[in-house]
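# Working through the structure, step by step
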Amino acid sequence: MNTELLIDTAKKLVADNKGLLAMDESNPTCNQRFAKLNIPQTVEARRAYRELIVTTPGLGESISGVILYDETIRQSKKDGTPFLKVLADAGIIPGIKVDTGAKDLAAHPGEKITEGLDGLRDRLKEYFQMGARFAKWRAVIAIGEGIPTRSCIEANAHALARYASLCQEAGLVPVVEPEVLMDGDHTLEQCGEVTEQVLRTAFIQLNSQRVMLEGMILKPNMVLPGFTCPPHQEVEEVAIGEQQFQVRLTDRQPEEMEDVDEVANVTVKSLWRTVPAAVPGIAFLSGGQSAELASARLNTMNLRFKSRLPWALAFSFARAIQQPALEIWQGKEANVKAAQQALLHRARCNRAARRGEYTAAMERT
Ligand code: 13P
């Protein structure tokens, strides 16, 4: 194992307040996002969109690495320049998604297991030769009636650890992504409990498979309430004479309910309890939150806790960086420049959030 290379790459991925841009949507996922905006779901449209991203001027000032997909890592600009060359010229480290997707876990309704271990050693060798220096594997954990089960958490943690160990053998830094999903009506507190269980189990397995913690990056979810968490009622106990009454104070909607401070506190608490100090960086996924909220929450975590934490708190967003740009582009050449500006803006906002310097005013400039 090339320990020095792994440690060096992992450090570079979270250095200088930069973060990762995930552009590794599988073809079906990319096509779904295109379909919503009436963009043709073709190889050429996917290539043109990825060209827009990698050629964004100034992207390397805020983005340390991009996560590519098997189709994308082999693609080129319209003029024939390989994307890998474009990224190298911009000082951006190429990474690659190597799992083959989350499939139904047998005998566990509503739960998934991520596949892709078969033949992984050979695929990693090829990606390293092509120039990739890190990889990504995403496990998904759903919260619901009776789930997640211990067996689902353990099976996914084991696969993540096997993947991570193979990556390090091949010289690639594993980005370990156990994602607790936002789908469902669970509360912030429930998400916190599940996130802690998942991370604790993941690190037991990573240690068991002899993964060098200094040469990996953790990509977790932020701790958030489910998308359909019912409006939260704050109830105050009021004593009148000998009797206790419950007074309903507010009915708040989910978006307002979990304020940015609360998310930052609970997320950092969950990580503090579970992630070893040897891990150099934690790069959050965005998971379906709005781009602005993702930046604001990352900012608050860094503002409040950065000086006291052993690891860097960074980002590895897909939707929270790309979505505004995709909506502007709409598959039209004439919109490329404006879309690139939107992409760059989000990348800069998130770099500012790493420094604790992101403000709502940045969204108006
Ligand atoms: P989102 O930021 O859109 O959640 O995507 C991150 C990612 O890489 C999913 O695997």
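Below is a summary of the structure that appears in this document. (Residues numbered from 1 in each chain as written. Predicted model: local features only at pLDDT ≥ 70, side-chain atom pairs only at ≥ 80, totals over all residues. Heavy atoms only, no water.)

## A few points about the overall build of the protein
Of the regular secondary structure elements, the protein holds 13 helices and 12 strands. Taken along the three principal axes of its C-alpha coordinates, the protein extends 80 × 50 × 40 Å. A buried classification covers 53% of the 365 residues belonging to the protein. Long-range contacts, defined here as pairs at least 24 residues apart, represent 77% of the contacts in the protein between residues at least 6 apart. (Helix = DSSP H or I, 4+ residues; strand = E, 2+ residues; numbered from the N terminus. Buried < 20%, exposed > 50% of the residue type's maximum accessible area, 1.4 Å probe, protein only. Contact = heavy atoms within 4.5 Å.)

## A look at the packing of aromatic side chains
Tallied over the full model, the rule gives 5 aromatic pairs. Taking the centre distance of 5.7 Å and the plane angle of 80 degrees together, the rings of F34 and Y49 count as edge-to-face. Note that F34 is positioned in helix α2 (residues 27-36) and Y49 in helix α3 (residues 43-54), a separation of 15 residues in sequence. Here the two residues F34 and Y49 agree in accessibility, since each one is buried. Joined through ring pairs, the aromatic side chains of F34, Y49 and W329 make up one cluster. The ring of F128 is capped by R133, whose NZ or CZ atom sits 3.8 Å from the centre of that ring. (Phe/Tyr/Trp six-rings, centres within 6.5 Å; stacked < 30°, edge-to-face > 60°. Lys NZ or Arg CZ within 6 Å of the ring centre and 35° of its normal.)

## Looking at the pairing of strand β12 (residues 312-317)
With 6 of its 6 residues buried, β12 lies for the most part within the structure. Neither face of β12 is left uncovered, since the one carrying A312, A314 and S316 and the one carrying L313, F315 and F317 both have all their residues buried. For strand β1 (residues 19-22) and β12, the ladder comprises 2 bridges, and the chain directions are parallel. Bridging from a neighbouring strand, L21 pairs with F317 of β12. Between the parallel elements strand β11 (residues 281-284) and β12, the chain passes through helix α11 (residues 291-305) in a crossover that is right-handed. (Pairing = 2+ DSSP bridges. Right-handed = clockwise from strand over helix to strand, strands pointing away.)

## What about the site of the ligand?
Taken together, 13 residues lie near the ligand, and K136, K219, S286, G287 and R319 sit nearest. Between K219 and the ligand, the recorded distance is 2.6 Å, taken from a side-chain N or O atom to an oxygen atom. Side-chain polar atom of S286 to an oxygen atom of the ligand: 2.4 Å apart, as the coordinates give it. Protein chains bury 93% of the 300 Å² of accessible surface belonging to the ligand in isolation. For the shell around the ligand, the class distribution of residues is 4 nonpolar, 3 polar and 6 charged. (Near = heavy atom within 4 Å. Polar contact = N/O pair within 3.5 Å; in protein donor to acceptor, adjacent residues only side chain to side chain. Areas by Shrake-Rupley, 256 points an atom, 1.4 Å probe, with all protein chains shown as cover. Nonpolar A, V, L, I, M, F, W, Y, C, P; charged D, E, K, R; others polar.)

## Things to note about the nonpolar core
If you look at the biggest cluster of nonpolar residues, it comprises 111 residues, and the most contacted ones within it are Y163 and L313. No other element matches helix α7 (residues 150-169), which puts 9 residues into this core. (Core = buried A, V, L, I, M, F, W, Y, C linked by side-chain atoms within 4.5 Å.)

## Quick notes on the packing of helix α10 (residues 260-274) against α11
Two elements in contact, α10 and α11, have axes separated by 9 Å at closest approach and are oriented at 60 degrees. Judged on the interaxial angle alone, α11 and α10 are oblique. α11 is crossed by α10, and the crossing has right-handed handedness. Counted together, V260, D261, V263, A264, N265, T267 and V268 of α10 and L293, A296, R297, T300, M301, R304 and F305 of α11 form the full contact between these two elements. Residue composition of the contact of α10 with α11, by class: 8 nonpolar, 3 polar and 3 charged. (Axes fitted to C-alpha atoms, helices over the stretch in contact; angles between N-to-C directions. Parallel < 35°, antiparallel > 145°, perpendicular 65-115°, else oblique. Left-handed = near helix turned anticlockwise from the far one by under 90°.)

## Here's the deal with the environment of R364
By secondary structure assignment, the location of R364 is in the segment after α13 (336-355). In sequence terms R364 and Y49 are 315 residues apart; their C-alpha atoms lie 26 Å from each other.

## Quick notes on the environment of T359
Mapped onto the elements of the fold, T359 is located in the segment after α13. With 185 residues separating them in the primary sequence, T359 and P174 have C-alpha atoms 32 Å apart.

## Notes on the sheet that holds strand β8 (residues 217-218)
Sheet architecture is closed into a barrel: 8 strands sit in the order β1-β2-β3-β6-β7-β8-β11-β12, paired in parallel fashion. The sheet contact formed by strand β6 (residues 134-141) and strand β7 (residues 173-180) spans 8 bridges and is parallel. Within the sheet, the bridge partner assigned to I141 lies in β7 and is V180.

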